[in-house]
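Residue-level listing of the chains:
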Amino acid sequence: MGLTMTETILEMRDITKTFPGVKALQNVNLDVRRAEIHAIVGENGAGKSTLMKVLSGVYPHGSYDGQIVFEGAECHFRSIRDSEHKGIVIIHQELALVPLLSIAENIFLGNERATAGVVDWDETRAAAAEVLKKVGLSEDPDTLITNIGVGKQQLVEIAKALSKQVKLLILDEPTASLSEKDSEALLNLLLEFKSQGISCILISHKLNEVSKVSDRITVIRDGRTIETMNKDQISEDRIITSMVGRSLEDRYPARSPKIGEVVFEVKNWSVYHPQHRDRQVIKNIDINIKKGEVVGIAGLMGSGRTEFAMSLFGRSYGQKITGEVRLHGQPVDTSTVEKAVATGIAYATEDRKTYGLNLIDHIKHNTTIANLVGVSRWGVIDDLREMDVANDYRKKTNIRSSSVYQTTGNLSGGNQQKVVLSKWLFANPELLILDEPTRGIDVGAKYEIYTIISQLAAQGKAILVISSEMPELLGITDRLYVMNEGRIVGEMPTMEASQEKIMRTIVRAEGKAS
Amino acid sequence: MTTETMPQGSTPPASGAAKSSIWSALQANIRDYGLLLVLILIMVFFQFVTNGVLFKPLNLTNIILQNSYIIVMALGMLLVIVAGHIDLSVGSVSGFIGALAAMLMIGWNFPPELAFLANPIVAGIICLAVGTLVGFAQGYLIAYYRIPSFIVTLAGMLIFKGLSLAILAGKSVGPFPPEFQLLSAGFIPDLFGPISLPLGGAQPVNLHTTTLVIGVVAVLTMILMAARSRSRRSARGYETEPVGLFVAKNIVIGGLILFFTYMLASYKGLPNVLVVMGVLIGVFVFLTKRLTFGRRIYAMGGNLKAAALSGIKTERLTFYIFGIMGALAALAGMIYAARLNSATPKAGQGLELDVIAAVFIGGASALGGVGQVAGAVIGAFIMGVMNNGMSIMGINIDLQQMIKGVVLLAAVFFDLYNKNKA
Ligand SMILES: Nc1ncnc2c1ncn2[C@@H]1O[C@H](COP(=O)(O)OP(=O)(O)OP(=O)(O)O)[C@@H](O)[C@H]1O
Ligand SMILES: [Mg+2]
């Protein structure tokens, strides 16, 4: 085995890819060995996803320059199918499952177990169950995708890849929306695949994970390869320096909070599931946020944090909502999004593609859409003022794009997230609810976003942060609520909090519930 | 017509940026310019094959009159389609309104105390109001009960087809009072009296002076506004389109307008309906480009959920859009009836297809969120000129239909091809 460990399975040579106005990749080189986990890291918009799309045939041969050599043979992929034939399977940044089909149907979508066009369902189910076992998912193959969480959906994607006899598995930010537990399970799975001789390319902004599992790491910056590190060279600091081009002193900006009176209060808030009338999702929540305070809600995936936030924000989630919202001590009506925005509440979504952006329109229009009043008079938009605003926020949130006229659908994932943030920053709310504000965002940009949050708090805004990254919550908040199964089960000043303490609170609550 | 063009990326790649900036600006706007170019090519083509009949002043005036009601409805349909909906009922609704107008003014014998209802102006207002209500009613079902617009308006199409038949009792009703006919058959009065140009021919050409004045003023206004917006942009340091392109664009569009003005002036001048149309087009360009109302429609069509979560009242917006569509269908119905000078049970049937085709040829997306007023108007003219040209050539109606179908397909194909390439 010793020899095969260093056998090169993939070589990408001098890959150059241009989009109108942008050189996304410039002479990028990458080599991947058999049975290795090879990480690719780089800032938002560095070109990581583009490189993988070139490799997997999403951008067909001829639309880029350079060579791809896989298992010793030069490849000219014209579509994803071509690359899959060779055993290269990509799982995109945004999952590509059909929500209303079952797990089994999704696994074999486009690759159906059929004779003469007639699907053999028994065989499909059996084969699905088999690959599901390999990824450690004990779900009925007939369950619909909508009914399982993101973590499990991610595993289904991997099961789908396995069903295709994969030799090189590409995962583009697979853990971005996974809980720590699910992420760990997934990474262990990759290690398991490695022992079976499967190679993996892993793209991630979670540098701790990357440094834990990777054998080698290639850093891309501004569309160029900077370096490839071997296992013994890997350290988070080194990765960051190489990624950003300078070293980052701190991960979180220093803060000196000036906390004032209570700005925002929620009392006895209850919400029922939008489809199942008697399933209570949010149970009698009381929280408050003070002027200049950054409050976090910690909790596991599925604890109801997003549902809580969306139900507050114009009843965008759930039904039979009861409870009271007070702003500066006055009860306010937040029953529609419009009223919520008018009273000064903003909610920046965790799901930018579905709820955050108009992907066919450009940055400028997306930035101002939640606050058109701010760039218009008597309903007439002042184009120049709008330009100023869009450029201003593009600079503030450091969006990497050719101009404010770049279509948001063409932005890299992290940069899309920054547009969502810009939009709500420009709405200038009293209370800003940020749901996973740094999902898919690189370390450097994270720091910038934390700085913005800090500045907003210093201006006297109230900020509520929902995040699954506990270090982030511990790094930027002043006070924490812990949520579990739709209930607030704990509250603590961040100074006294730690990951263990939060986990203990959750475990204790689960013990009580059962 | 002002076509706002997007300034190009403010930080284009360093390599060869300068030399290709005109070309890249052209490419970025290929849809806008391409469509106009196609219209011009089609006109030149038919001018050639009809031995110069197409560009006769009389025929040009006719083309405008024949297509005015399509364009009026295409403006509303653009909003509907951009919002992510469709309205199949507009043809029938316009027919129904034409019938209603005829019955109000001619068919129904009102008792003396209600005789004012037969007054063309009162009747016109009633018709507009009824059309708007019809639009609101359909919009209400679509917006608040979430019944797909395809179904609601399909039902509307059947209902109003039937209603026109019913209120006309299956007969044609006409002719209309002369005041009402003016809507389609009238021309603006010449305030200054005609001027004659001895153009070498046996007879001097008499020109409608007021028409000329309006045309020249319109072109000057357009150029001044474009120049002002351009200089304000560059004053703030924003990239503008290259000077060459800017000048060329204005010369071409201004030249076209002046050419048509001259042609119209050498016949009877500006048709009333063209004035109505011009004002409406201006209003809709402003609405879609500058008003928050318009911006919200694009946002809603682009991503309904994201728009709702940005505080846009998507239901109410949809409701209004269909109200506007209803009003425009009513106006179109009256123009159509005034042009035929009678209301017939079959009037308006199938018009919805021409209207929808015009909007799609004009570059709107069936998925919503994309489409321009200028495109829809040019799309309508492309269809109109083809209809007119093929009729002059004496091409059979069946072949005409097929050719139009192919053109629609080609336009959408070209559009998608362009998008995929980018
Ligand atoms: N279809 C497209 N048209 C124009 N530009 C594009 C297109 N796709 C990507 N780009 C640009 O290419 C660059 C690289 O994007 P890419 O998605 O590869 O970044 P990334 O490294 O994956 O970033 P992230 O970490 O944010 O996901 C970005 O500047 C992006 O705006
Ligand atoms: Mg990416």
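Treat the numbers as computed from the prediction; the structure is a model and nothing was measured.

### Some remarks on the packing of helix α5 (residues 120–144) of chain B against helix α13 (residues 314–340) of chain B
Residues and elements named next belong to chain B.
Then, in step 1: Interaxial distance between α5 and α13 falls to 7 Å at its minimum, and their mutual angle equals 145 degrees. Classified by chirality, the crossing of α13 by α5 is right-handed. Residues G124, C127, L128, G131, T132, G135, F136, G139, Y140, I142, A143 and Y144 of α5 form the contact with α13, whose participating residues are E315, R316, T318, F319, Y320, F322, G323, G326, A327, A330, L331 and M334.
Then, in step 2: Class assignment for the residues of the contact of α5 with α13 results in 14 nonpolar, 8 polar and 2 charged.

### Notes on the sheet that holds strand β17 (residues 330–331) of chain A
Backbone-to-backbone hydrogen bonds join strands into a sheet, with any given pair of strands oriented parallel or antiparallel.
All names here are of chain A.
Then, in step 1: The strand order β14-β13-β16-β17 describes an open sheet built from 4 strands, whose pairing is antiparallel. For this open sheet the edge positions go to β14 (280–290) and β17, each flanked by a neighbour on one side alone.
Then, in step 2: Each of β13 (262–272), β14 and β16 (319–327) is contacted by helix α9 (residues 305–312), which is oriented at about 110 degrees to β13, the strand it contacts most.

### Overview of the domain arrangement of chain A
Residues and elements named next belong to chain A.
Then, in step 1: When its domains are assigned, chain A resolves into domain 1 (2–250), domain 2 (258–344 + 429–514) and domain 3 (353–428).
Then, in step 2: The straight-line distance from the C-alpha centre of domain 1 to that of domain 2 is 33 Å.
Then, in step 3: Between domain 1 and domain 2, the contact holds 17 residues from the first and 14 residues from the second.
Then, in step 4: Three residues stand out in domain 1 for area buried against domain 2, namely N44, E180 and H205, and they jointly supply 32% of the buried area on that side.
Then, in step 5: Summed over the shared surface of domain 1 and domain 2, the result is 0 salt bridges.

### Looking at the interface of chain A and chain B
Then, in step 1: At the interface, 37 residues of chain A touch 32 residues of chain B.
Then, in step 2: Taken together, both faces of the contact between chain A and chain B bury some 3,000 Å²; the carbon and sulfur share is 58%.
Then, in step 3: When the buried surface of chain A facing chain B is broken down by residue, A:I369, A:I381 and A:L384 rank first, second and third, together holding 19% of it.
Then, in step 4: Run the count over chain A and chain B and you get 3 salt bridges.
Then, in step 5: B:K313 is the salt-bridge partner of A:E338, the closest N and O atoms lying 2.9 Å from each other.
Then, in step 6: Applying the counting rule to chain A against chain B returns 10 residue pairs in polar contact (both at pLDDT 80 or more).
Then, in step 7: Considered class by class, the residues forming the side of chain A that touches chain B number 15 nonpolar, 14 polar and 8 charged.

### Description of helix α14 (residues 351–361) of chain B
Residue pairs three or four apart in sequence face the same way in an α-helix, which turns once every 3.6 residues.
All names here are of chain B.
Then, in step 1: Burial analysis of α14 places 9 of its 11 residues in the buried class, which makes it a mostly covered element.
Then, in step 2: Along α14, the residues classified as buried are L351, E352, V355, I356, A357, A358, V359, F360 and I361.
Then, in step 3: Just beyond α14, the residue with positive phi is G363, at close to 100 degrees.

### Comments concerning the pattern of salt bridges
Then, in step 1: Here the structure, examined in full by the defined rule, presents 32 salt bridges over all chains.
Then, in step 2: Of the charged contacts in the structure, one is a salt bridge between A:D333 and A:K339, with a shortest N-O distance of 3.2 Å.
Then, in step 3: Between B:K404 and B:D354 there is a salt bridge, and its shortest N-O distance comes to 3.9 Å. Here B:K404 is found in helix α16 (residues 397–421), whereas its partner B:D354 is found in helix α14, with 50 residues between them in sequence.
Then, in step 4: Each member of the salt-bridge network shares a partner with another, and the members are A:K364, A:D383, A:E386, B:R233 and B:R295.

### Re the nonpolar core
Then, in step 1: In this structure, A:F264, A:W269, A:F308 and A:W424 are the most contacted members of the largest nonpolar core, which totals 183 residues.
Then, in step 2: Here this core takes 17 residues from helix α3 (residues 57–82) of chain B, the largest share from any one element.
Then, in step 3: A domain-level breakdown of this core finds at least three residues from each of domain 2 (258–344 + 429–514) and domain 3 (353–428) of chain A.
Then, in step 4: Setting aside its immediate chain neighbours within four residues, A:W269 contacts A:I282, A:K283, A:N284, A:I285, A:F308, A:S311, A:L312, A:I321, A:T322, A:G323, A:E324 and A:V325.
Then, in step 5: Listed in part, the 35 residues of the second largest apolar core include A:I91, A:V156, A:L169 and A:C200.

### Focus: the site of ligand 1
Residue and element names in this part refer to chain A.
Then, in step 1: Near ligand 1 there are 21 residues, and of these G45, K48, S49, T50 and S412 occur at the shortest range.
Then, in step 2: Between ligand 1 and the protein, one listed contact pairs an oxygen atom with a side-chain N or O atom of T50 at 2.5 Å.
Then, in step 3: Residue N410 places a main-chain N or O atom 3.2 Å away from a nitrogen atom belonging to ligand 1.
Then, in step 4: At 3 residues, helix α1 (residues 48–56) tops the list of elements feeding residues into the shell around ligand 1.
Then, in step 5: Here the shell around ligand 1 is built from residues that sort into 6 nonpolar, 12 polar and 3 charged.
Then, in step 6: For the shell around ligand 1, the two domains that each supply at least three residues are domain 1 (2–250) and domain 3 (353–428).

### Regarding the sheet that holds strand β4 (residues 65–70) of chain A
Residues and elements named next belong to chain A.
Then, in step 1: Taken in spatial order, the 4 strands of this open sheet run β2-β1-β4-β5, and their pairing is antiparallel. The sheet is open, and its two edges are formed by β2 (22–33) and β5 (73–74), each paired on a single side.
Then, in step 2: One ladder, built from 2 bridges, connects β4 with β5; its direction is antiparallel. Looking at β5, one finds that F70 is bridged to A73.

### Concerning the side chain of A:K364
Residue and element names in this part refer to chain A.
Then, in step 1: In this fold, K364 is placed in helix α12 (residues 363–368).
Then, in step 2: We classify K364 as buried; its relative accessible area is 3%.
Then, in step 3: Not counting the four nearest positions on each side in its chain, K364 is found in contact with D383, E386, M387, A390, V404 and Y405.

### Topic: the packing of helix α10 (residues 272–289) of chain B against α13(B)
All names here are of chain B.
Then, in step 1: Interaxial distance between α10 and α13 falls to 12 Å at its minimum, and their mutual angle equals 165 degrees. Considering the angle they form, α10 stands roughly antiparallel to α13. At the point where α10 passes α13, the crossing takes the left-handed sense. Facing α10, whose interface residues are V273, V276, L280 and F284, α13 presents I324, L328, L331 and I335.
Then, in step 2: The residue makeup of the contact of α10 with α13, split by class, is 8 nonpolar, no polar and no charged.

### Quick word on the packing of aromatic side chains
Then, in step 1: Under the defined criterion, the tally for this structure stands at 19 aromatic pairs over all chains.
Then, in step 2: Considering the side-chain rings of B:W108 and B:F110, the 6.3 Å spacing of their centres and the 70 degrees angle between planes classify their relative orientation as edge-to-face.
Then, in step 3: In this structure B:F110 comes out as partly exposed when scored by relative accessible area, which is 23%.
Then, in step 4: Aromatic rings pair up to connect B:F136, B:Y140, B:Y144, B:Y145, B:F319 and B:Y320 into one cluster.
Then, in step 5: Across from the ring centre of A:Y59, 4.4 Å away, lies the NZ or CZ of A:K17, which sits over that ring.
Then, in step 6: Cation over ring: A:K396 sits above A:Y393, and NZ or CZ is 4.4 Å from the ring centre.

### Some words on the environment of B:L37
Residue and element names in this part refer to chain B.
Then, in step 1: Looking at where L37 falls in the secondary structure, it is placed in helix α2 (residues 30–49).
Then, in step 2: For L37, a relative accessible area of 52% corresponds to the exposed category.
Then, in step 3: Taking C-alpha positions, L37 is 10.0 Å from I378, a pair spaced 341 residues apart along the chain.

### Describing the side chain of A:K446
Then, in step 1: As for its position among the elements, A:K446 is in helix α15 (residues 443–458).
Then, in step 2: Ignoring any residue separated from it by four or fewer positions in sequence, one finds A:K446 in contact with A:H205, A:T438, A:I441, A:E469 and A:E472.

### Points about the pairing of strand β10 (residues 199–203) of chain A
All names here are of chain A.
Then, in step 1: Most of β10 sits out of view: 5 of its 5 residues are buried.
Then, in step 2: Of the two faces of β10, the one holding S199, I201 and I203 and the one holding C200 and L202 are both buried throughout.
Then, in step 3: Bridge count for strand β3 (residues 37–42) against β10 is 4 bridges, and the pairing is parallel. Looking at the pairing, I40 lines up with I203 of β10.
Then, in step 4: As judged from the 5 bridges shared by strand β9 (residues 168–172) and β10, these two strands associate in the parallel manner. Its bridge partner being in β10, L168 is matched across the sheet by S199.
Then, in step 5: Regarding the hand of the β-α-β motif, the stretch spanning β9, helix α6 (residues 180–195) and β10 is right-handed.

The rules behind the values
- Residues numbered from 1 in each chain as written.
- Chains lettered and ligands numbered in written order.
- Predicted model: local features only at pLDDT ≥ 70, side-chain atom pairs only at ≥ 80, totals over all residues.
- Heavy atoms only, no water.
- Axes fitted to C-alpha atoms, helices over the stretch in contact; angles between N-to-C directions.
- Helix = DSSP H or I, 4+ residues; strand = E, 2+ residues; numbered from the N terminus.
- Left-handed = near helix turned anticlockwise from the far one by under 90°.
- Contact = heavy atoms within 4.5 Å.
- Nonpolar A, V, L, I, M, F, W, Y, C, P; charged D, E, K, R; others polar.
- Pairing = 2+ DSSP bridges.
- Domains from an automatic or database assignment.
- Buried area = accessible area lost by both parts, 1.4 Å probe.
- Salt bridge = Lys/Arg side-chain N within 4 Å of Asp/Glu carboxyl O.
- Polar contact = N/O pair within 3.5 Å; in protein donor to acceptor, adjacent residues only side chain to side chain.
- Buried < 20%, exposed > 50% of the residue type's maximum accessible area, 1.4 Å probe, protein only.
- Core = buried A, V, L, I, M, F, W, Y, C linked by side-chain atoms within 4.5 Å.
- Near = heavy atom within 4 Å.
- Parallel < 35°, antiparallel > 145°, perpendicular 65-115°, else oblique.
- Phe/Tyr/Trp six-rings, centres within 6.5 Å; stacked < 30°, edge-to-face > 60°.
- Lys NZ or Arg CZ within 6 Å of the ring centre and 35° of its normal.
- Right-handed = clockwise from strand over helix to strand, strands pointing away.

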